[in-house]
Amino acid sequence: MTKLSFIEQGLRVLDIERQALFDIKQYVDDNFHQACQLMYDCSGRIIIIGMGKSGHIGHKIAATLASTGSPAFFVHPGEASHGDLGMITKNDVVMLISNSGETSEVLNIIPVLKRLGAKIISMTGNTQSTMATLANVHVCIKVEKEACSLGLAPTASTTATLAMGDAMAVALLEARGFTADDFALSHPGGSLGKRLLLTLKDVMHCGVNTPIITTSQTIKDALIEMTAKGLGMTAIVDDNQQLAGLFTDGDLRRILEQRVDIHTTLIDAVMTKSCTTATQDMLAAQALNIMEHKRINGLIIINEHNQPIGALNMQDLLKAGVL
């Protein structure tokens, strides 16, 4: 196959799957609403069951639901018939996924689900299928054709199923008033969790590691403090230990061009008096946004009395995984 043919086939597949997504919009209807309502009202867990490729999609739908405020997990229909049905209770909602609606491994467990009293949602491409008629609610995911040129490999149908699952999960997220903080609780690992959970208290330099001098000291003293603390800046405080200003590497470059005597000139004469500050309870991600917006490399953290209690720079956020 030529390079051009590969490209043509790839574009053909994407066109078919895009059309499939457009077509299933018609099935976001009253049945879709009823299915979401069942899951919203569920006092137990949402159980996703599917075989083969539908099972793979089911795994992802369950994961998306669980991470967005709707406790859910996947059960393999084969394992369900050999003991895993014990995971399911009458308080649960079970979503059965099958494009044909006639998958035998799934059909075999429906009588047990009925006996348990669990509510059943079926997601199939056939409104007249056995699974569709036995479920409490049926959500249609019918597509005109698969993207596979043989019309056999699940392609457009699995894409449509996945998208419908996402639509349900996000609709439930909105209904539950699920927030970024809620999302962070189920994603504590990796950069996502760090962006959502870390506060400046977790990453700032504090105590003796905070660069601070007084307004009565010189530029030379500021350079010594900046070198010792290694943050490229120092806070300047008045006699009440309140923040009076900030001096940075950038300020140093500017005054050197003016040939200022760093040994005798007081820092009060050259410091930046109106500087950007933050509090220790601010999210690190919020501080990053401020620093990027103002194009600054560091922040002084103050308490409620306008006294410096810490400092950080971009390198600290990078090390913490916030960037």
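Anything mentioned here points back to the structure above.
Residues numbered from 1 in each chain as written. Predicted model: local features only at pLDDT ≥ 70, side-chain atom pairs only at ≥ 80, totals over all residues. Heavy atoms only, no water.

Next up on the list: the overall build of the protein chain. In terms of regular secondary structure, the protein chain is built from 15 helices and twelve strands. Expected size for 323 residues packed as a compact globule is a radius of gyration near 20 Å; at 30 Å, the protein chain overshoots this value by more than 25%. Taken along its principal axes, the extent of the C-alpha atoms in the protein chain is 90 × 55 × 35 Å. By the burial criterion, 45% of the 323 residues in the protein chain qualify as buried. A sequence separation of at least 24 residues applies to 64% of the contacts in the protein chain between residues at least 6 apart. Of the accessible surface of the protein chain, which amounts to about 17000 Å², a share of 53% is contributed by carbon and sulfur atoms. Put simply, the protein chain has 26 plus and 32 minus side-chain charges, and the middle of one group is 3 Å from the middle of the other. (Helix = DSSP H or I, 4+ residues; strand = E, 2+ residues; numbered from the N terminus. Rg over C-alpha atoms; globule rule 2.2 N^0.38 Å. Buried < 20%, exposed > 50% of the residue type's maximum accessible area, 1.4 Å probe, protein only. Contact = heavy atoms within 4.5 Å. Areas by Shrake-Rupley, 256 points an atom, 1.4 Å probe, with all protein chains shown as cover. Lys, Arg positive; Asp, Glu negative; His and termini not counted. Charge placed at Lys NZ, Arg CZ, Asp CG, Glu CD.)

Next up on the list: the sheet that holds strand E8 (residues 233–237). Ordered by their spatial adjacency, three strands build an open sheet running E7-E8-E9, and the pairing between neighbours is mixed. With partners counted over all chains shown, the strands left at the sheet margins are strand E7 (212–214) and strand E9 (243–248), one partner each. Strand-to-strand, the axes of this sheet are offset by a mean angle of 30°, without reference to chain direction. Of the strand pairs in this sheet, E7 and E8 are connected by three bridges, and their pairing is parallel. (Pairing = 2+ DSSP bridges. Axes fitted to C-alpha atoms, helices over the stretch in contact; angles between N-to-C directions.)

Attention shifts here to unusual backbone geometry. Phi at Gln241 is positive, roughly 65°, even though this residue is not glycine. Along the chain, Gln241 falls in the loop between E8 and E9.

What follows covers the environment of Glu17. Mapped onto the elements of the fold, Glu17 is located in helix H1 (residues 3–23). Residue Glu17 is classed as buried on the basis of its relative accessible area of 17%. In sequence terms Glu17 and Leu113 are 96 residues apart; their C-alpha atoms lie 33 Å from each other. When residues no more than four places from it in sequence are discounted, the contact partners of Glu17 are Ala147, Thr155, Ala156 and Thr159. At 2.6 Å, the side chain of Glu17 forms a polar contact with the side chain of Thr159. (Polar contact = N/O pair within 3.5 Å; in protein donor to acceptor, adjacent residues only side chain to side chain.)

Locating Thr68 in the fold gives a position in the loop between helix H3 (53–67) and strand E2 (72–75). We classify Thr68 as buried; its relative accessible area is 9%. Polar contacts involving the side chain of Thr68 include one to the main-chain carbonyl oxygen of Thr64, which spans 2.6 Å. If we skip the residues at most four places from it in the chain, Thr68 touches Ala169, Leu173, Phe178 and Phe183.

What follows deals with the layout of surface pockets. Counted as a void, the largest pocket has a volume near 320 Å³. Only E9 and helix H13 (249–257) provide two or more residues apiece to the lining of the largest pocket. The residue inventory of the lining of the largest pocket, partitioned by class, reads five nonpolar, eight polar and four charged. In this structure, the second largest pocket spans a volume of roughly 180 Å³. (1 Å grid on protein atoms, 1.4 Å probe; cavity = no way out; pocket = protein on both sides within 12 Å on 5 of 7 lines; lining within 4 Å. Points joined across faces, edges and corners; volume = space filled by probe spheres on them. Nonpolar A, V, L, I, M, F, W, Y, C, P; charged D, E, K, R; others polar.)

Tracing the backbone shows Ile296 in the loop between helix H14 (284–294) and strand E11 (298–302). Each C-alpha atom of the pair Ile296 and Asn306 lies 20 Å from the other, and the pair is ten residues apart in sequence. With residues near it in sequence (within four places) discarded, Ile296 still touches Thr276, Met291 and Met314.

Every buried residue belonging to H13 is among Gly250, Asp251, Leu252 and Ile255, and all of these are buried. Buried positions along H13 lie against helix H12 (219–229) and E9. Within two residues after H13, Arg259 carries a phi angle of roughly 55°, on the positive side.

What follows concerns the pairing of E11. For E11, a buried count of five out of five residues is recorded, marking the element as mostly surrounded by other parts of the structure. A two-sided burial pattern is seen for E11, the buried positions comprising Gly298, Ile300 and Ile302 on one face and Leu299 and Ile301 on the other. For strand E10 (residues 277–278) and E11, the ladder comprises two bridges, and the chain directions are parallel. Each bridged residue has a counterpart across the sheet, and for Ala278 the counterpart in E11 is Ile301. Handedness of the crossover joining E10 and E11 through H14: right-handed. As judged from the five bridges shared by E11 and strand E12 (residues 308–313), these two strands associate in the antiparallel manner. (Right-handed = clockwise from strand over helix to strand, strands pointing away.)

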